[in-house]
Amino acid sequence: MRIRATVAAVSGALALSAFAVPSALAADSGASHKADAVKILQAVAHPASGKQAFGTAAVGEPAPLNATFSDFKIAKAIKVGISSHVSTTVTYTMTHGADVDITSENFVTGPFLYRGDINFPDNILFGDLPATCTPTSPTVAACKGKIDIYPGEGELLNSDAGTWKGAAVAVQLSDAGQLTALARQGDLATTLVQRYSKLTVNASPEPVKKGATITVTGKLTRANWEDNKYHGYTGQYVKLQFCKKGSSTYTTLKTIKSDSTGYLKTTTTATVDGYFRYSFAGTTTTPAVNSTADFVDVQ
């Protein structure tokens, strides 16, 4: 549980170790530098754990960093399956004081997504690397980062599907690697993190005589993030659609409901050669999907 574990466990000694890592930042500008920077961002994004760490004599309370965030842009929906890494790009504008040197190796910023209250988030999703920022004026920068999701590592529960909020964080470190200043801002945007869906269809018999009955079966499934398998999406309305041979337009013949296993079955009358498919409009937790088309030759 890459991020969920961080959110739950970054406290006490673990938090201190996360903040102690930056001491190597100035000396290492490679992959480990970036990995250490992400650990910092992950730790400070969760205030419940961060306050405990900041309260220690070893780290101290960070000062407010003179930086704000705006124009946060992200895809409207992020479709996440059961195992494959999913990455989506985020852009945002950072406005900062003239005293903030965003080109310094001791400055780090990045976007993140959270679910629930930003002060006590249910879950957080980060990128593998910090954002990169390009100054557009002495006090404004255009920043670009990513959100990386690894469903196979237990980052998500099924209950996490739905609306997430966008946020950004920036930190300033001392040359000794201690956290000295922090800016964190939520409610910058929203996106849907959805359980990837699949839909199948089979129309039979093939070929079929004109006027005879065609039986169309299929199944609607979606990703289960807790056991990393696909399960039937039950009780969902799905459209049976038909496209006449030589055309590219589908017409809805009827709407049916998936059963307790996600199974679909209905009948229709054979009229002309053409393609059958099922179409699901989607929900906030599950994206829309069309099955591949199944051709039936009517004789």
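Analysis parameters
Residues numbered from 1 in each chain as written. Predicted model: local features only at pLDDT ≥ 70, side-chain atom pairs only at ≥ 80, totals over all residues. Heavy atoms only, no water. Helix = DSSP H or I, 4+ residues; strand = E, 2+ residues; numbered from the N terminus. Buried < 20%, exposed > 50% of the residue type's maximum accessible area, 1.4 Å probe, protein only. Areas by Shrake-Rupley, 256 points an atom, 1.4 Å probe, with all protein chains shown as cover. Contact = heavy atoms within 4.5 Å. Phe/Tyr/Trp six-rings, centres within 6.5 Å; stacked < 30°, edge-to-face > 60°. Salt bridge = Lys/Arg side-chain N within 4 Å of Asp/Glu carboxyl O. Polar contact = N/O pair within 3.5 Å; in protein donor to acceptor, adjacent residues only side chain to side chain. pLDDT = per-residue confidence, 0-100.

Time to look at the overall build of the chain. The secondary structure content of the chain amounts to 4 helices and 19 strands. By the burial criterion, 48% of the 299 residues in the chain qualify as buried. Summed over its atoms, the accessible surface of the chain is roughly 13600 Å², and 52% of this surface lies on carbon and sulfur atoms.

Position of glycine 166 relative to the elements: it lies in strand β9 (residues 162-173). Residue glycine 166 is classed as buried on the basis of its relative accessible area, which comes to 1%. Considered as a pair, glycine 166 and arginine 115 are 51 residues apart in the sequence and their alpha carbons are 9.1 Å apart. Once residues within four sequence positions are removed from consideration, glycine 166 is found in contact with Phe72, Phe112, Leu113, Tyr114, Gly186, Asp187, Leu188 and Ala189.

The subject of this paragraph is the packing of aromatic side chains. Under the definition given, this model contains 7 aromatic pairs. Geometrically, the ring pair formed by phenylalanine 72 and tyrosine 92 is stacked, given 6.2 Å between the ring centres and 20° between the ring planes. Note that phenylalanine 72 is positioned in strand β2 (residues 67-73) and tyrosine 92 in strand β4 (residues 86-96), a separation of 20 residues in sequence. Tyrosine 92 shares its class with phenylalanine 72; the two are buried. For the ring pair phenylalanine 112 and tyrosine 114, a centre distance of 6.2 Å and an interplane angle of 50° mean the geometry is tilted. You'll find phenylalanine 112 and tyrosine 114 in the same group, each marked buried. These aromatic residues form a ring-pair network of at least three members: Phe69, Phe72 and Tyr92.

Tallied over the full model, the rule gives 2 salt bridges. Linking lysine 73 and aspartate 71 is a salt bridge whose minimum nitrogen-to-oxygen distance equals 4.0 Å. The partner of aspartate 187 in a salt bridge is lysine 165, with the nearest N and O atoms 3.4 Å apart. With aspartate 187 in strand β10 (residues 179-195) and lysine 165 in strand β9, this residue pair connects regions lying 22 residues apart in the sequence. Taking relative accessible area as the criterion, aspartate 187 reaches 56% and is therefore assigned exposed. Classification of lysine 165 by relative accessible area gives partly exposed; the value is 31%.

Quick look at the side chain of aspartate 160 now. Following the sequence through the fold, aspartate 160 ends up in the loop between β8 (140-149) and β9. A relative accessible area of 4% places aspartate 160 in the buried class. Side chain to side chain, aspartate 160 and asparagine 123 meet in a polar contact 3.2 Å long.

Low pLDDT means the predicted atomic positions in that stretch should not be read closely. Mean pLDDT over the chain: 86, with 82% of residues reaching 70 or higher. Below pLDDT 50 for its whole length, residues 1-30 participates in 64 contacts with residues either more than four positions away or in separate chains. Here residues 49-59 is modelled with pLDDT under 50, and outside its nearest four sequence neighbours on either side it reaches 24 contacts, counting other chains as well.

Now for the side chain of glutamate 155. When you line up the elements, glutamate 155 lands in the loop between β8 and β9. By relative accessible area, which is 0% here, glutamate 155 ends up buried. Among the polar contacts listed, one links the side chain of glutamate 155 to the backbone nitrogen of tyrosine 150, at a separation of 3.0 Å.

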